[in-house]
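Analysis of the macromolecular model
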Amino acid sequence: MEAECSTNPDFGVYCKGSMIKLLFMNINLFLFVRKQKPMDKQGQEHSFFVWGLFLEGARWNRQTMMLDESYPKILFDTIPIIWFQPALIADFNPPPCYFCPIYKTSERKGVLATTGHSSNFVMYITLLSDIPQKHWINRGVASLTQLDD
């Protein structure tokens, strides 16, 4: 059985998609902001890698490295390893992309928490796309940490 999380001194922390927890990300963000020093591209101190996420309603085109239409009769696609890095919102200037929601299950509903988010909702990730965001919203594209089967 493969480990859910592992550490590598060269690359930081790797976590399987089903192990993404807001607490883990909030701790990393808190530690980053507390130090109040910008992270350079080589700094891996508060970053982590996630694998095992699935994409529903679209696919990740590995040639263009962008979101693309899914193949016929293929419901889910895997997302390559994602590198999460904490950064200041003021410095965030994304290229054309789709802000893809991540859900814990494909049900996409849960109990509304005091934060205003569903208990099934994890966070948004930015996926590069040359197609307007509204197209992906209309298709109901979302990322999942686990499949039903």
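Counting of residues starts from 1 at the beginning of each chain's written sequence and follows it residue by residue. Local features in this predicted model are restricted to residues whose pLDDT is 70 or higher, and side-chain atom pairs enter the listing and the counts only when it is 80 or higher, whereas totals over whole chains, interfaces and linings include all residues. Think of the side-chain values as coming from all heavy atoms in the structure, minus any hydrogens and water.

**Observations regarding the packing of aromatic side chains**
Formally: Any two rings among Phe, Tyr and Trp, with Trp reduced to its six-membered ring, count as a pair given centres within 6.5 Å; such a pair is stacked if its planes are under 30 degrees apart, edge-to-face if over 60, and tilted if neither. We count a stretch as a helix when DSSP gives it H or I for four or more residues in a row; a strand needs E for two or more, and each element gets its number in order from the N terminus. Accessibility here uses a 1.4 Å probe with only protein chains present; expressed as a share of the type maximum, an area under 20% marks a residue as buried, one over 50% as exposed, and anything in between as partly exposed.
Evaluated as defined, the whole model comprises two aromatic pairs. Relative to Phe121, the ring of Tyr103 has its centre 6.1 Å away and its plane inclined at 70°; by these criteria the two rings are edge-to-face. Remark: Phe121 occurs in strand β10 (residues 121–128) and Tyr103 occurs in strand β9 (residues 97–103); sequence separation between them is 18 residues. Judged by its relative accessible area of 16%, Tyr103 is buried. In textbook terms, an aromatic cluster arises when at least three aromatic residues are bridged by ring pairs, as seen for Tyr103, Phe121 and Tyr124.

**Observations regarding a nonpolar patch on the surface**
Basically, it comes down to this: Surface patches are defined over residues having more than 30% relative accessible area and no salt bridge, joining like charges when they lie within 9 Å and nonpolar side chains (Val, Leu, Ile, Met, Phe, Trp, Tyr) when within 5 Å. Only the protein chains shown count as cover for residues, and all accessible areas are computed by the Shrake-Rupley method using a 1.4 Å probe. Salt bridges are defined as contacts in which a side-chain nitrogen from Lys or Arg sits within 4 Å of a carboxyl oxygen from Asp or Glu.
A contiguous nonpolar patch, built from Phe92, Phe99 and Tyr124 and spanning about 320 Å² of accessible area, is present on the exposed surface. Within the secondary structure, Tyr124 sits in strand β10. Taking the relative accessible area as the measure of exposure, Tyr124 reaches 48% and is therefore partly exposed.

**Remarks on the side chain of Ser143**
Just so we agree on the cut-off: By definition in these notes, contact holds between two residues if any of their heavy atoms fall within 4.5 Å.
Examined against the element boundaries, Ser143 turns out to sit in strand β11 (residues 142–144). Exposure remark for Ser143: the relative accessible area of 0% places this residue in the buried category. If near-sequence neighbours (up to four positions away) are discounted, Ser143 is found in contact with Leu53, Phe54, Leu55, Ile79, Cys100, Pro101, Ile102 and Tyr103.

**As for the side chain of Thr145**
To keep it simple, the criterion reads: Polar contact is defined as a pair of N or O atoms within 3.5 Å, subject to the rule that within protein one atom must be able to donate a hydrogen and the other to accept it, and that residues adjacent in sequence are counted only when both atoms are side-chain atoms.
If you trace the backbone, Thr145 turns up in the segment after β11. Classification of Thr145 as buried rests on a relative accessible area of 7%. Within the local environment of Thr145, its side chain forms a polar contact with the backbone oxygen of Lys104, the two atoms lying 2.7 Å apart.

**Focus: the nonpolar core**
As a reminder of what qualifies: The term nonpolar core refers to a set of buried residues drawn from Ala, Val, Leu, Ile, Met, Phe, Trp, Tyr and Cys, joined through side-chain atoms within 4.5 Å.
Residues Leu55, Leu67, Phe84, Cys100, Ile125, Leu127 and Val141 are the most contacted members of the largest nonpolar core, which totals 19 residues. Those elements that provide at least two residues to this core are β3 (48–51), β8 (82–84), β9 and β10. The element that contributes the greatest number of residues to this core is β10, accounting for four residues.

**Section: the confidence of the model for the protein**
This is how the line gets drawn: Think of pLDDT as the predictor's per-residue confidence, scored from 0 to 100.
Mean pLDDT over the protein: 75, with 67% of residues reaching 70 or higher. For the protein, strand β1 (residues 5–8) is the element with the lowest average pLDDT, namely 48, and helix α2 (residues 133–139) is the one with the highest, namely 95. Ignoring residues within four places in sequence, the model shows residues 1–6, a span with pLDDT below 50, making 15 contacts including any to other chains.

**Thoughts on the pattern of salt bridges**
According to the stated counting rule, one finds three salt bridges in the structure shown. Between Asp68 and Arg59 there is a salt bridge, and its shortest N-O distance comes to 3.0 Å.

**Observations regarding unusual backbone geometry**
Backbone geometry follows two general trends: most residues other than glycine have a negative phi, and most peptide bonds adopt the trans configuration. Located in the positive-phi region is Met65, a residue other than glycine, with phi close to 60°. The topology assignment puts Met65 in the loop between β5 (59–61) and β6 (66–68). In the Ramachandran plot, Lys73 falls in the positive-phi region, its phi being about 65° despite a non-glycine side chain.

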